[in-house]
Amino acid sequence: MENWRPAHQQVFNAVSELLTDVNNIRDLKDDFSDLFEGRDNKPESQREIEQYVTQLMEKLGDNASSQLAEYLLHPAEHYIESNWKNMDGFIADIASLLAVYYFAEHPDESLTQGVIKRLFWILEAYSEGTEIAPNTYLSEEDILQRYCFPNSYDCVRFLLLMQETPAINQALKVAFSGQHNRIIARKESDYAYERRNRSNHNLLGSLYSEFADVCQRLHSNNQFDYDWFKQAVLVHPELVRSYWLEPDIDEVKADSEFSSEFIKAYSTYLKQLVEELDPIENGYALSSIFDYSQTAGISWLKKGLGLIEQYGIKAKALKDLYEHDVSKAAYYLIRCPGLLKDETQAQLIAMLGEFKEATLLTALPYAGFARDAILIALGWQSLLPVQKMLFHWGKGNPATLDSCRDVCNSTSTNSGVIDRSAASEVLAAADDKALKKYIKAMNASSIDLKNYLVLLTAVKGWDKEKLEKKLVRHHQIAIKAYGLYAIEDDVELKARYLKFKQMHKEATQYGAERQANTQAAVKAGLKNLAQSAGYSDEIRMEWALEADIADDMVAFNQEHEAEDWTVSLVMAGLKAKIVVKKAGKPLKSVPPKVRKTQIYQAMRAAQDNVRSQASRFKNTLEEMMCQRDTISADELATLSRLPVVKGMLSQLILKSGTGFGFFNGTTDTLTGLSGEAVAIVDEPVIAHVYDLLKVNILPQSQQTVVSQRLVQPFKQAFRELYVVTPAEIEAKHDSMRFAGHVVDGAIASRLFQGRNWTQYGGDWVEVFKRFPKQQCYAQVEFPESRHYLAEDDGPMDVIYFKRGNDKLLLEDVEPVVFSEVMRDIDLVASVAQLDDEYGRWSTESAQRRGELVLNLIQDLGLKQVRCEDNYAYIDGKLAQYRVHLGTGVIHIQPGNYLCIVPEGQASEDLYLPFADVDKRMAEIISKIFLLISDDQIKDETILSQINQCAAQSA
């Protein structure tokens, strides 16, 4: 600032004084820039800048106008780089913007000439006359960043903002004519040469709205001639309003200030120009004119088809579109959004009939509204339902230019699952020869439906061997499509089912993301396989096939000779155990000779199968409970053939009609909670804790489970129950129960996946779970997560339930659905948390833990324990204690901390009524039993703490 001219210093100081009370100078600068560049037309912004201009003029005094002109026309002399640490650069920019708005209201001829001179200097000098030393990272396209305000964009906007004069209009006309355009040497790596080789593209190439304003100004002054328009468009084709080729005058006028006469003239010139342009010599201009446009009408489609046929444009050229050439021009021309008002479908089909089959197939994928007409013109009417179905799968419409959404690699087990029966019916009516040509044409294009074409091909039964080779590399769309091939017999069904199981196991070799995606693809493939095999869903298919596999396994509870020993396979709870005996006496270890026998190897295989079944069927049965799925008599009979599943069901409480009881291996009755027979009157469901609470049998159910020492495969009687709170009822649709809990994205993603939630990535993350029977889904938002949930840590936010597009009132959500959704999210909030050293735990968890402690203590006939609020209180022989049911922290009453460090895993002798891993609960139970018998503690470290506290109390 020391070397600034006095006028520059005075303007800068005056503006600095005006901004002393502004909290965020950068935001103010951005607001003023938005107003100047046309991004903000709010009256309050206009009023604010007018106030600042008035105050600035008062501070500058009589010479204000000359000082502002000096400041505006020589910006390099007061340039300051803007950054967060130094606000001076933003202040300098604000001063320039205030000067612009002053002269817009107070025209000055010398200032106007100065701006015009500066505009032409920038256009002529280009990179040689830059005012700011270029940073090394700036490319040629960043040329505007090498000029101070006002740069070439700013000069054009400034001239349009000022009062219109012949001199201004002539300057604008010359600027856009390309008179000062320069050709830049091409770089070998520069594939977009046609765009980058024009200096005017970099200096004026984004003034889309301003170019239209200039054209209308010239038109209103009878200076809008075709030759100038042609030259301007050839230099700046990206500035053309191509949708004015076939304008709806009334519609355009409703959205702009352009006159009908001007729009008609513009359209006439543009049509003439497009007809004149040579597709080879002016490929860049032609393709840029239609770039991202939607030009309706038969004539433009015909022109695009003509280019394809005349120049032999192949599918690959339309797919890649690396160059702005005739291929790109053809691509945009064949993208047909519809017909004009006076055109008919019959006329369209007649026009299409003038072209070769190869031409039509090349254009077909991109033709939008004309896709169906192309099939009719080819005589392929039988493919119309196929095309409709294909685009429906991809969430698109064959009659529009909207993009489709292909099957993607994701953790969704429904991605790639189609209605096979409906697809088979549609494909059966299609001409196979035409269909193969159609599939080839679509695959050769850039349209995002290729994976759905793989599914379609599989339903037809084509390319099976080719697809099976991809299974070796676990190609995910191949896995999903593998289930869609027709099944010849039960032998093939079993073989393919086992192949899916094998791929699920092999996926563990990959990293977390690919493993999850591959295993989700296997589950989707199994859903497709179930349809091919005629099952209602993959769960029922799995039951039937696993039952057949179990029938082929070594029988349980039968002794077999193995050299000098006997071996037998028995069920121990939910595990298969091999018992080896010598002379009737069980052995602790298996002799090497026994391990080599065929019968022992068969038992080991059966063990592995039971272990795999236990894991899968545990998850299946729990999901059935949550989804309220019923089990028919035939299905119960099938499940009875599976020892591990039969064992699981015998530990679970089922509900049939109004009765509750345990599965006893029959299909007629259940065994009631008190041992009575309960008739099966309706297809039973696995009872949810809500069902038990609703009919007031939850305490009895918990007592029965504990007294019989049952180990339920998952939490049922002691499952956490979540109900709608008064605050949630008042909020109506959105629950904020877990809002603000910051979680580790990677851990949260794995937890959601394990609980059958679907996750989609993109500009924002979608995490939701479907409940088909209730025809609704639950969604939890992660507002700060992008791309994929696993990639970002961040807070959870609102939770809501939707049916279709409508949010449900929280109090109207089915209670079991509500409870399970909140239980899943509570799990995520607890396990994946980042902001709580001791771990989060909920009131619902505390309630169930307290009930479990009391039931275990009462079953043993002990009276030294009571539970209140979040604590278990223990009356020991040496002292009294309280144990926190969430953290397991122990205090000796009245408040002394007692340190007991758990030693490894809990003892196998410790009974818990569920198989779910709950290490904290096991730790708490162990501590309670230890403190009940504190007089038998041998650990001196623990005893010394207790004795010291007892002495202090005394």
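What you are looking at is a predicted structure, and each value in this text was computed from that prediction instead of being measured.

1. Structural notes on the overall build of the protein chain
Helix and strand counts for the protein chain stand at 42 helices and 21 strands. Relative to its length of 954 residues, the protein chain is extended, with a C-alpha radius of gyration of 38 Å against a globular reference of 30 Å. In terms of overall dimensions, the protein chain has a C-alpha envelope of 115 × 85 × 55 Å along the principal axes. Residue burial in the protein chain is summarised as follows: out of 954 residues, 52% are buried. Considering only contacts in the protein chain between residues 6 or more positions apart, those separated by 24 or more positions represent 68%.

2. Regarding the sheet that holds strand E8 (residues 677–679)
The antiparallel open sheet is built from five strands, whose spatial order is E8-E7-E6-E5-E9. Of all the strands in the sheet, the pair left with one neighbour each is E8 and strand E9 (685–686). Pairing of strand E5 (residues 653–656) with strand E6 (residues 659–663) involves four bridges; the strand directions are antiparallel. Residue Ile653 lies in a different strand from E6, and its bridge partner there is Phe662.

3. With respect to the sheet that holds strand E4 (residues 585–586)
Within a sheet, adjacent strands bond to each other through the backbone by hydrogen bonds, running parallel or antiparallel. Sheet architecture is open: four strands sit in the order E1-E2-E3-E4, paired in antiparallel fashion. Unpaired on one side and paired on the other, strand E1 (559–562) and E4 mark the two borders of the sheet. Relative to strand E2 (residues 565–572), E1 runs antiparallel, the two sharing four bridges. Along E2, the bridge assignment pairs Ala562 with Trp565.

4. Some details on the pairing of strand E15 (residues 799–803)
Buried residues dominate E15, accounting for four of its five residues. Both strand E13 (residues 776–780) and E15 contribute to a ladder of four bridges, which runs antiparallel. Bridge assignment links Gln779 to a residue of E15, and that residue is Tyr800. Across two bridges, the pairing between E15 and strand E16 (residues 806–807) is antiparallel. Pairing of Lys802 across the sheet is with Lys807, part of E16.

5. Observations regarding the pattern of salt bridges
This model, assessed by the stated rule, comprises 40 salt bridges. Notably, a salt bridge pairs Arg616 with Glu546, separated by 2.4 Å at the nearest N-O pair. Remark: Glu546 occurs in helix H30 (residues 538–552) and Arg616 occurs in helix H32 (residues 598–627); sequence separation between them is 70 residues. We classify Arg616 as partly exposed; its relative accessible area is 22%. When the shortest N-O distance is used, the salt bridge between Glu622 and Lys618 registers 3.8 Å. Of this pair, Glu622 and Lys618 both sit in helix H32, four residues apart, which is roughly one turn of the helix. What makes Glu622 buried here is its relative accessible area of 4%. Three or more residues are tied together by salt bridges with common partners; here these are Lys618, Glu622, Glu623, Lys715, Arg719, Glu720, Arg755, Lys769, Glu820, Arg823 and Asp824.

6. Looking at the state of the cysteines
According to the stated counting rule, one finds zero disulfides in the structure shown. Unpaired in this structure, Cys155 has its nearest cysteine sulfur neighbour in Cys148, at a distance of 11 Å. You can call Cys155 buried: its relative accessible area is 0%. For the unlinked cysteine Cys408, the closest cysteine sulfur is that of Cys404, found at 14 Å. Classification of Cys408 as partly exposed rests on a relative accessible area of 32%.

7. Digging into the side chain of Ser412
Of note, Ser412 is situated in the loop between helix H22 (384–393) and helix H23 (420–428). Classification of Ser412 by relative accessible area gives buried; the value is 3%. A polar contact of 3.2 Å, which involves the side chain of Ser412, links it to the backbone nitrogen of Asn414. At 3.4 Å, the side chain of Ser412 and the backbone nitrogen of Ser415 are in polar contact. When sequence neighbours within four positions are dropped, the list of residues in contact with Ser412 reads Ala520, Thr758 and Tyr760.

8. Overview of the packing of aromatic side chains
The final tally for this structure, using the stated rule, is 26 aromatic pairs. Pairing Tyr331 with Tyr332 gives two aromatic rings, centres 5.1 Å apart and planes at 75°, and the pair type is edge-to-face. Side by side, Tyr331 and Tyr332 carry an identical accessibility label, which is buried. Among the aromatic residues, those joined into a ring-pair cluster are Phe176, Phe211, Phe224, Tyr226, Trp228, Phe229, Trp244, Phe258, Phe262, Tyr266 and Tyr269. When the ring centre of Trp565 is taken as origin, the NZ or CZ atom of Lys582, which lies over that ring, is 4.7 Å away. The ring of Tyr871 is capped by Arg882, whose NZ or CZ atom sits 5.5 Å from the centre of that ring.

9. What to know about the nonpolar core
Nonpolar side chains in soluble globular proteins tend to end up buried together. By size, the foremost hydrophobic cluster in this structure holds 171 residues, and its most contacted members are Phe224, Trp228 and Tyr266. In terms of residue count, the dominant contributor to this core is helix H5 (residues 88–105) (12 residues). Apart from the residues within four sequence positions on either side, Trp228 is in contact with Lys173, Phe176, Ser177, Phe211, Val214, Cys215 and Leu218. Grouped together as the second largest cluster of nonpolar side chains are 46 residues, Ile653, Leu698, Ile857 and Leu943 included.

10. A closer look at the packing of H30 against H32
The contact between H30 and H32 brings their axes to 12 Å, and the two run at 155°. In terms of their interaxial angle, H30 and H32 are classed as roughly antiparallel. Crossing geometry of H30 relative to H32 is assigned as left-handed. Across the interface between the two elements, Ile539, Arg540, Glu542, Trp543, Glu546 and Ile549 of H30 pack against Asn609, Gln613, Arg616, Phe617, Thr620 and Met624 of H32. A breakdown of the residues in the contact of H30 with H32 according to their chemical character gives five nonpolar, three polar and four charged.

11. Quick word on the confidence of the model for the protein chain
On average, residues of the protein chain score 86 in pLDDT, and 91% of them reach the 70 mark or higher. Confidence drops under pLDDT 50 across residues 186–197; counting only partners more than four residues distant or on other chains, this segment forms 15 contacts.

12. Points about the pairing of strand E17 (residues 865–868)
Inspection of the sheet shows E17 paired to strand E18 (residues 871–875) by four bridges, in the antiparallel sense. When the bridges of E18 are listed, Arg866 appears paired with Tyr873. Counted along the chain from E17 to the antiparallel partner E18, the turn is two residues long, and its residue Asp869 has a positive phi close to 55°.

13. A word on the packing of helix H3 (residues 43–60) against helix H4 (residues 64–73)
For the pair H3 and H4, interaxial distance at closest approach is 9 Å and the crossing angle is 110°. For the element pair H3 / H4, the angle class is roughly perpendicular. Residue-level contacts link Leu56, Met57 and Leu60 of H3 to Ala64, Ser65, Gln67 and Leu68 of H4. Partitioning the contact of H3 with H4 into residue classes produces five nonpolar, two polar and no charged.

Parameters and conventions
- Residues numbered from 1 in each chain as written.
- Predicted model: local features only at pLDDT ≥ 70, side-chain atom pairs only at ≥ 80, totals over all residues.
- Heavy atoms only, no water.
- Helix = DSSP H or I, 4+ residues; strand = E, 2+ residues; numbered from the N terminus.
- Rg over C-alpha atoms; globule rule 2.2 N^0.38 Å.
- Buried < 20%, exposed > 50% of the residue type's maximum accessible area, 1.4 Å probe, protein only.
- Contact = heavy atoms within 4.5 Å.
- Pairing = 2+ DSSP bridges.
- Salt bridge = Lys/Arg side-chain N within 4 Å of Asp/Glu carboxyl O.
- Disulfide = S-S within 2.5 Å.
- Polar contact = N/O pair within 3.5 Å; in protein donor to acceptor, adjacent residues only side chain to side chain.
- Phe/Tyr/Trp six-rings, centres within 6.5 Å; stacked < 30°, edge-to-face > 60°.
- Lys NZ or Arg CZ within 6 Å of the ring centre and 35° of its normal.
- Core = buried A, V, L, I, M, F, W, Y, C linked by side-chain atoms within 4.5 Å.
- Axes fitted to C-alpha atoms, helices over the stretch in contact; angles between N-to-C directions.
- Parallel < 35°, antiparallel > 145°, perpendicular 65-115°, else oblique.
- Left-handed = near helix turned anticlockwise from the far one by under 90°.
- Nonpolar A, V, L, I, M, F, W, Y, C, P; charged D, E, K, R; others polar.
- pLDDT = per-residue confidence, 0-100.

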